[in-house]
Amino acid sequence: MAVSEQFQRTRRLCLALPCLAVLSACGFHLKAATPLPFKTLFTNINLDSEFGARLRRAVEANSPDTRFIEDRSQAEVYLHQISDDQGLRQLSINAQGQVDEYELDLNFSFELLDKAGHVLLAPTVLHSVRELPYNVNIVQAKDSEITRTFKDMRNSLIDQILRRMSAPDVQEAYRNADHRPVVPIPSTEINRQRHPGTPRIPGTPGSLP
């Protein structure tokens, strides 16, 4: 019986290994949480927005002892969103002069400061680009797909923000903040170069100029 049970365990392991290899090849990794070194966090990102709510949940899941607070002066760290810029442009046109493909572009910049203005993470730009095939015969469906794609791009930003904030150099900067450069505490208002809402397909109702 013991030999049979050992055989079954070995067989299950052999069957599982190819699956793990496939998941790894697809970019799936089991990541351990890296708690943030600070307990309170303020941000000028709207936490009631979909993006802000996802960011809050991600931070709390990654670092259960860290929470967002509403009083900037009482927060240990200020996650300052500098700008949020997304755009849509024609990438290719077919022989009939119709758009074949669009390029979706997203730029998000932020910095991390402590309550005294010490720079823990210098202004950082996260850039994401996606290409999306387009069919003039299904404009409404493609418009929805563009919205979903931008949402996916923003969700990927959250992982990048967390990785930046929990990086060893940022944790070291927080522990030794007195030796870091000091800047004036920025406004809680966000500098938007272009409206952060989803750009509409040119030529459709509500499209951006």
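In the block above lies the structure referred to throughout.
Participant: When you look at the packing of aromatic side chains in this model, what are you seeing that I'm missing?
Facilitator: Here the distance between the centres and the angle between the planes together describe a pair of aromatic rings. Enumeration according to the criterion identifies four aromatic pairs in this entry. Within the aromatic cluster, the residues linked to one another by ring pairs are F51, F108 and F110.

Participant: Before we go on, may I ask you to explain helix α4 (residues 168–175) in this structure?
Facilitator: An α-helical turn contains 3.6 residues, so a residue and the one three or four places further along point in the same direction. Taken together, the buried positions of α4 are V170, Q171 and A173. Viewed end-on, α4 has its buried residues packed into an arc of 160°, placing them on one side of the element. Exposed residues pointing more than 90 degrees away from the buried face of α4 are listed as P168, D169 and R175.

Participant: Help me understand the pairing of strand β1 (residues 40–43), please; the structure alone is not making it clear to me.
Facilitator: Within a regular strand, side chains alternate between the sheet's two faces. In β1, alternate side chains face the same way, and those of T40 and F42 on one face and L41 and T43 on the other are all buried. Sheet topology places β1 next to strand β2 (residues 67–68); two bridges connect them, and they run parallel. For T40, the partnering residue across the bridge sits in β2 and is R67. Crossover handedness for the path β1 to helix α2 (residues 50–62) to β2: right-handed.

Participant: Before we go on, may I ask you to explain α2 in this structure?
Facilitator: With 13 residues, α2 should cover 18 Å at 1.5 Å per step; its first-to-last C-alpha distance of 18 Å lies within 8% of that length. Three or more residues of α2 are buried, namely F51, G52, L55, A58, V59 and N62. Considered in projection along α2, the buried side chains sweep an arc of 125° and stay on one side of the axis.

Participant: What exactly am I supposed to notice about the environment of A58 here?
Facilitator: Assignment of secondary structure puts A58 in helix α2. Spatially, the C-alpha atoms of A58 and L162 are 8.0 Å apart, while their sequence positions differ by 104 residues. Here A58 is in contact with I158 and L162, once residues within four sequence places are set aside.

Participant: What am I meant to see in the pattern of salt bridges here?
Facilitator: Should the charged atoms of two oppositely charged side chains come close, the side chains can pair. A full pass over the atoms with the stated rule returns six salt bridges. A salt bridge links R54 to E50; the shortest N-O distance between them is 3.8 Å. Of this pair, R54 and E50 are both found in helix α2, four residues apart, which corresponds to roughly one turn of the helix. Residues E172 and R175 are paired through a salt bridge, measuring 3.1 Å at the closest nitrogen-oxygen approach. Placement of the pair is E172 and R175 together in helix α4, with a separation of three residues, close to one helical turn.

Parameters and conventions
The numbering scheme is per chain: residues are counted from 1 as the chain's sequence reads. Selection of residues for local features in this predicted model requires a pLDDT of at least 70, selection of side-chain atom pairs for listing and counting requires 80 or more, and totals for whole chains, interfaces and linings are taken over all residues. Working from all heavy atoms in the structure, the side-chain values ignore hydrogens and water. We call Phe, Tyr and Trp rings a pair once their centres come within 6.5 Å, taking the six-membered ring for Trp, and we label the pair stacked below 30 degrees between planes, edge-to-face above 60, and tilted otherwise. Buried means the residue's accessible area, taken with a 1.4 Å probe over protein chains only, is under 20% of the maximum for its type, while exposed means over 50%, and partly exposed covers the values in between. In DSSP terms, a helix is any run of H or I states spanning at least four residues, a strand is any run of E spanning at least two, and both are numbered starting from the N terminus. What the arc describes is the spread of directions from the helix axis to the C-beta atoms. Here the rule is simple: two strands pair whenever DSSP picks up at least two bridges between them. Here is how to tell: hold the view so the strands point away, follow the path from the first strand over the helix to the second, and if it runs clockwise the crossover is right-handed. Expected helix span is taken as 1.5 Å per residue step, with the number of steps being one fewer than the number of residues. In what follows, a contact means two residues having at least one pair of non-hydrogen atoms within 4.5 Å. Think of a salt bridge as a Lys or Arg side-chain nitrogen and an Asp or Glu carboxyl oxygen that are within 4 Å of each other.

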